[in-house]
Every structure is written in structure tokens, then in C-alpha cells.
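Examining the three-dimensional arrangement
Chain by chain, the residues run as shown.
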Amino acid sequence: VNRIVVKIGTSSLIHPNGKINFSGIDQLAFVLTDLRNQGKELLLVSSGAIGVGMDKLNLRERPQEIPIQQAVAAVGQSELMHIYNQRFLGYSQQTAQVLLTRDVVDFPESRSNVINTLEQLLSMGIIPIINENDTVAVDEMDHTRKFGDNDELSAVVSQLMAADVLIMLSDIDGFYSDNPTKNQQATLYSAISMIDQTLLEQAGSEGSRFGTGGMLSKLKAAQRVLAANSTMVLANGKPPRIIFDILAGDEIGTLFK
Ligand code: ADP
């Protein structure tokens, strides 16, 4: 495994009380830098802009109106990058901000621009930190439609960059037969090789309080990864150190392959 995309969800970056999880972010910076120092190529797809913006602006409830969400995301994105820069620089690792929309793949020119930029960053040893451009893309934030939160974007990035693995970190140990926070009988899938209707139904549509993707968008991401003959691992991002174990081949979370 040489080229790795890591997607981190809002729930791993923001505590349930709405405060920023600095130790988690710091550990993520440590782990990714260490892997980079081992010669691997890393791309980080990070959610959390709205969550960080809410904390910065002292908002307790996630705003419903799209323009307010976009404004809060714009505040939060620069703050989030500030935090990442600080933490990564603590390990002497350079990062770059890349804001994309999922439809970049539909336009050959923008697609090749994105690939060229990301390839260049990787060859310079820089870790790109990617998010959906919330000012431009609206679907992503529409809480009622619940199909974004960077899950599919991370799969698009993996595909564009021909990554060996997409490691998707969430607040749950993997994909279960039902929402385990509501059904204690739910069982964990250790490996999935095909996404069928049953699985899509088991994904339901409920996300956590700060996350917006839910399991459905994670399955759609997995679908894209499987179609590209690549690999995705869905695991619990608390703590981010788990990435080491996943890459060591330990049976962790749900392997989509
Ligand atoms: P993130 O912010 O990390 O992207 P989300 O909140 O979007 O995470 O999605 C994770 C949540 O999805 C879990 O905490 C759980 O409540 C919910 N969920 C719904 N169905 C399932 C399922 N079948 N397996 C696992 N989690 C599920």
C-alpha cells in the first residue's frame, strides 16, 4: 500500500458537546506525518468546517438555512486549516488546502487540473487536505438530503488519484446490519465485496448529530471504490492511531474489497 486517502468525519473532529477534539486532530497529524516519513503518499479528506465554525461562532444548534450553513462553513474552513497547519507543522509536515466539488470528474479539463495539482503536491511531499467547496456546492450541506459529508468526495479523490486504499474514519466501528446506536442486536460486517439493496436498506439514513453523511453515503463511496477495483476500510477514528493497525493488515472495521 503506497497511496492512501484518509477521510475523517465531523464526529471524529468535534466532541459531542460541540468542542473541537484537539487531541484527535493532533494524533491524526502525527500518524499521517509518520506514514509520509515512511515514504507513503497521503491525502486527507476532512469534514468539520461547519462544526468548527459553529464552535467559533458559539452556535449551539446547526443552522437550517443553507446560506447560513455556507457562511458558518466558510468561517470554520479557515479555522480548521489553521488548526491542521499548526498541528502538522509541529511534526514538520507541510500541508495544502484543496477545495473541490464532486462534479470535477465530469469535466475533463477540471479533472486533469485537479489530478495535476494533487500529483504535484504529493511529489513535493505535501499532504493535501481536501474538502468540498461549501460556497459552491450546496447538496453536501443539505441535512435533509443526507448524502454528502465528503464520503463520496473521498471516493472520487481515491479514484482520480488511483489510491491503493481509502480509509474512512467515522464514530462507529464499521458497517453493521442495523444502526448499532439504536439496535443492540446489530452485528458488524467484517468484509463486504458487493453492495446490494439489503445493505443499502441496512444503512438507513440517520447520521449523528454533527455528521451529515450517515451510512448511506459511506456505502455509496464504497460502491464507487469497489467499481474501481480498489479497497476501502470503514473504521472508528477514535483514536486515529487505528490507521497504523489497518495498514498493518489487522482485521479492523469493515473491509470493502
Ligand atoms: P461521520 O461524521 O463520521 O461521517 P456519520 O454520523 O455521518 O459519521 O455516520 C455514522 C453514524 O451512522 C453512526 O454513528 C450510526 O449512528 C449511523 N448508522 C446508521 N446505520 C448504520 C449502520 N448500519 N452501521 C453503522 N452505523 C450506522
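A short tour of the structure in this document, coming up. (Residues numbered from 1 in each chain as written. Predicted model: local features only at pLDDT ≥ 70, side-chain atom pairs only at ≥ 80, totals over all residues. Heavy atoms only, no water.)

Let us look at the pattern of salt bridges. Scanning the entire structure with this criterion turns up 6 salt bridges. The salt bridge involving Asp55 is made with Lys19; its shortest N-O contact spans 3.2 Å. Note that Asp55 is positioned in helix H3 (residues 49–56) and Lys19 in the loop between helix H1 (10–13) and helix H2 (22–37), a separation of 36 residues in sequence. Overall, the relative accessible area of 42% leaves Lys19 in the partly exposed class. Residues Glu79 and Lys56 are paired through a salt bridge, measuring 3.5 Å at the closest nitrogen-oxygen approach. Residue Glu79 is located in helix H4 (residues 66–89), and its partner Lys56 is located in helix H3; the two are separated by 23 residues in the primary sequence. We classify Lys56 as partly exposed; its relative accessible area is 47%. (Salt bridge = Lys/Arg side-chain N within 4 Å of Asp/Glu carboxyl O. Helix = DSSP H or I, 4+ residues; strand = E, 2+ residues; numbered from the N terminus. Buried < 20%, exposed > 50% of the residue type's maximum accessible area, 1.4 Å probe, protein only.)

Turning our eyes to something else, we now look at the sheet that holds strand S8 (residues 254–256). Overall, mixed pairing links the 8 strands, which are arranged S3-S4-S2-S1-S5-S7-S8-S6 in an open sheet. Strands at the two margins of the open sheet, each flanked by one partner only, are strand S3 (95–100) and strand S6 (191–192). Inspection of the sheet shows strand S5 (residues 165–170) paired to strand S7 (residues 231–236) by 6 bridges, in the parallel sense. Across the sheet, Ser170 pairs through a bridge with Asn236, a residue of S7. Sheet strands in contact with H2 are strand S1 (3–8), strand S2 (41–46) and strand S4 (127–132), and its direction is about 155° off that of S2. (Pairing = 2+ DSSP bridges. Contact = heavy atoms within 4.5 Å. Axes fitted to C-alpha atoms, helices over the stretch in contact; angles between N-to-C directions.)

Here H4 contains 24 residues, and its C-alpha end-to-end distance of 34 Å stays within 8% of the 34 Å for a straight helix at 1.5 Å per residue. Among the residues of H4, Gln69, Gln70, Val72, Ala73, Gly76, Gln77, Leu80, Met81, Ile83, Tyr84 and Phe88 are the ones counted as buried. (Expected span 1.5 Å × (residues − 1).)

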